[in-house]
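These are the residues of each chain, in order.
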Amino acid sequence: MFKRFTIASAVLAIVSFAHAGADVFDTEDASNPFIGLEIGGTFVQGDTDTAKAYRGKNISVGLRLGAQNEQWRSMVLFDYYNNKTDKQKYERALIQVDYFVMPDTFAGTQIKPYVGINGGYANYESKGIDASGVTYGGQFGVQATVSEHIDVDLGYRYSIARQKELGNIGNIALGVHYVY
């Protein structure tokens, strides 16, 4: 399972950077690449061999790589959730594409609200279960520019899983980006 997860993650990263990199050389609206970290409260719904409707919550951590311009942001996100008490965990790789809404309304401010979609691959492990598959969903939030090189992002992301063992994942995440 880990080998498939690694291969799927590499493919997602390549596709996302190809999309983001297309704007990097456009001098009119150049993209700014970034790297970031996120931490969040995560809610997982899945099945286990002992409970048909596991609902757990714990902290998840993630790594973000991407690029953004005034209207769009695309990134690859790798996140990890481990609830040792309930013996539930997942690893997930997502491509996330966001649109900064109402750019004229917020022009000249340091705040940019966004909505977006995500899709990727997750590996879910529980007592006696090791399932991998496609996930997809959406997100919304707000990004604030703190300085020339630092952005802070607070958002909610919801993903539905295609495998029956993992129903859905929702998380409220705080991300910090270094824009270079």
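Residues numbered from 1 in each chain as written. Predicted model: local features only at pLDDT ≥ 70, side-chain atom pairs only at ≥ 80, totals over all residues. Heavy atoms only, no water.

*Asks:* When you look at the side chain of R73 in this model, what are you seeing that I'm missing?
*Replies:* Here R73 shows up in strand β3 (residues 72-83). Side-chain polar atoms of R73 contact the side chain of D153, separated by 2.9 Å. Ignoring sequence-local partners within four residues, the contact set of R73 consists of F34, R64, A67, Q68, Q96, V97, D98, F100, Y114, Q143, D153 and H177. (Helix = DSSP H or I, 4+ residues; strand = E, 2+ residues; numbered from the N terminus. Polar contact = N/O pair within 3.5 Å; in protein donor to acceptor, adjacent residues only side chain to side chain. Contact = heavy atoms within 4.5 Å.)

*Asks:* Is there a simple way to think about empty space enclosed by the protein in this case?
*Replies:* Counting across every chain of the model gives one cavity of 30 Å³ or more. Taken as a whole, the largest cavity encloses approximately 50 Å³ of empty space. Surrounding the largest cavity, R64, Q96, Y114, Q139, F140, D153, L154, G155, Y156, R157 and A173 form its lining. Those elements that provide at least two residues to the lining of the largest cavity are β6 (129-145) and β7 (150-161). Its residues assigned to classes, the lining of the largest cavity shows five nonpolar, three polar and three charged. (1 Å grid on protein atoms, 1.4 Å probe; cavity = no way out; pocket = protein on both sides within 12 Å on 5 of 7 lines; lining within 4 Å. Points joined across faces, edges and corners; volume = space filled by probe spheres on them. Nonpolar A, V, L, I, M, F, W, Y, C, P; charged D, E, K, R; others polar.)

*Asks:* I would appreciate a short explanation of the pairing of β3 in the present structure.
*Replies:* Every regular strand shows the same layout, with side chains that alternate between the two sheet faces. Relative to β3, strand β2 (residues 54-68) is paired through nine bridges, and the arrangement is antiparallel. Looking at β3, one finds that R64 is bridged to L77. Count of turn residues in the β2/β3 antiparallel hairpin: three residues. Relative to strand β4 (residues 88-100), β3 runs antiparallel, the two sharing twelve bridges. Counted as the bridge partner of N83 is Q88 from β4. Where β3 folds back onto β4 in an antiparallel hairpin, the turn is made up of four residues, including K87, whose phi is positive at roughly 55 degrees. (Pairing = 2+ DSSP bridges.)

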